[in-house]
Amino acid sequence: MKALVVYYSRDGHTREAARRIAEALGADIDEVIDRKNRKGILGFLRAGYDATRGKTTEIAFEKDPSEYDLVVVGSPVWNGRVTPAIRTYLLRNGEKIKKAAFFATCAGKKGKILEQMRELYGGEVIAEAVMKQNEIEEGAKEFVETLKRALHS
Ligand SMILES: Cc1cc2nc3c(=O)[nH]c(=O)nc-3n(C[C@H](O)[C@H](O)[C@H](O)COP(=O)(O)O)c2cc1C
């Protein structure tokens with residue numbers, strides 16, 4: 001089974017989770033780049049605003065998800081919501097993804113990110129999880145176990 005882990009990360013937590021998940025699955029990895037500047041206090045404020053308003057953004061990524069049997073997509077939680085980068089990615093690539101699994105990282109309040117990701121994709125989601133930014137190692141391990149169980153059931 002060919003798997004791809006795709007993620008967006010502003011501050012590194014989701015990148016760390018994605019790296020661990022990809023390694024455990026033997027999957028390829030692809031980072032979604034948000035062309036909008038999200039750094040600094042202004043970037044932070046705009047990030048929350050854009051997520052709350054359900055904005056899309058200009059993104060860049062490298063791998064074609066249609067070449068994979070499973071695509072695992074990860075996003076940080078912003079104001080209880082999915083990031084504009086992953087919103088845009090799912091809207092653009094949803095139809096190319098055969099089978100999906102979703103994960104998110106947050107500081108403690110996950111909000112409705114998984115519901116949003118499911119809705120944006122619209123296809124079969126075999127596993128999903130939200131992990132806290134200070135529990136990435138355990139969270140990623142648990143998520144991979146759930147994912148492997150779902151794949152073998
Ligand atoms: C604009 C913004 C809004 C955030 N909103 C939430 C939130 O609603 N709930 C929460 O638990 N954490 C929130 N966080 C914290 C991030 O979800 C958390 O730090 C996450 O692990 C960051 O992922 P990253 O390091 O890959 O960017 C927010 C962070 C940012 C930058």
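As the structure is a computational prediction, the values presented were derived from the model and not from experiment. (Residues numbered from 1 in each chain as written. Predicted model: local features only at pLDDT ≥ 70, side-chain atom pairs only at ≥ 80, totals over all residues. Heavy atoms only, no water.)

(A) Quick look at the pairing of strand S2 (residues 28–31). For strand S1 (residues 3–7) and S2, the ladder comprises 4 bridges, and the chain directions are parallel. Paired with Tyr7 across the two strands is Glu31, which belongs to S2. For the segment spanning S1, helix H1 (residues 13–25) and S2, crossover handedness is right-handed. (Pairing = 2+ DSSP bridges. Helix = DSSP H or I, 4+ residues; strand = E, 2+ residues; numbered from the N terminus. Right-handed = clockwise from strand over helix to strand, strands pointing away.)

(B) Spatial organisation of the packing of H1 against helix H5 (residues 136–152). Running from N to C, H1 and H5 cross one another at 40 degrees; their axes reach a closest spacing of 9 Å. Taken together, the axis directions place H1 and H5 in an arrangement best described as oblique. Judged by the sense of rotation from one axis to the other, the crossing of H1 with H5 is right-handed. Residues His13, Glu16, Ala17, Arg20, Ile21, Ala24 and Leu25 of H1 touch H5, and the partners they reach there are Ile136, Glu137, Ala140, Phe143, Val144, Leu147 and Lys148. (Axes fitted to C-alpha atoms, helices over the stretch in contact; angles between N-to-C directions. Parallel < 35°, antiparallel > 145°, perpendicular 65-115°, else oblique. Left-handed = near helix turned anticlockwise from the far one by under 90°. Contact = heavy atoms within 4.5 Å.)

(C) Highlighting the site of the ligand. With respect to spatial proximity, 20 residues lie near the ligand, and among them Ser9, Thr14, Val77, Thr105 and Gln133 are the closest. Contacts to the ligand include Gly12, whose backbone N or O atom sits 3.1 Å from an oxygen atom. At 2.7 Å, a side-chain N or O of Thr105 approaches an oxygen atom of the ligand. Protein coverage of the free-state accessible area of the ligand, which is 640 Å², stands at 89%. Mapped by element, the contributors of at least two residues to the shell around the ligand are H1, helix H2 (40–52) and strand S6 (100–106). Here the shell around the ligand takes 3 residues from H2, the largest share from any one element. A per-class count over the shell around the ligand returns 7 nonpolar, 10 polar and 3 charged. (Near = heavy atom within 4 Å. Polar contact = N/O pair within 3.5 Å; in protein donor to acceptor, adjacent residues only side chain to side chain. Areas by Shrake-Rupley, 256 points an atom, 1.4 Å probe, with all protein chains shown as cover. Nonpolar A, V, L, I, M, F, W, Y, C, P; charged D, E, K, R; others polar.)

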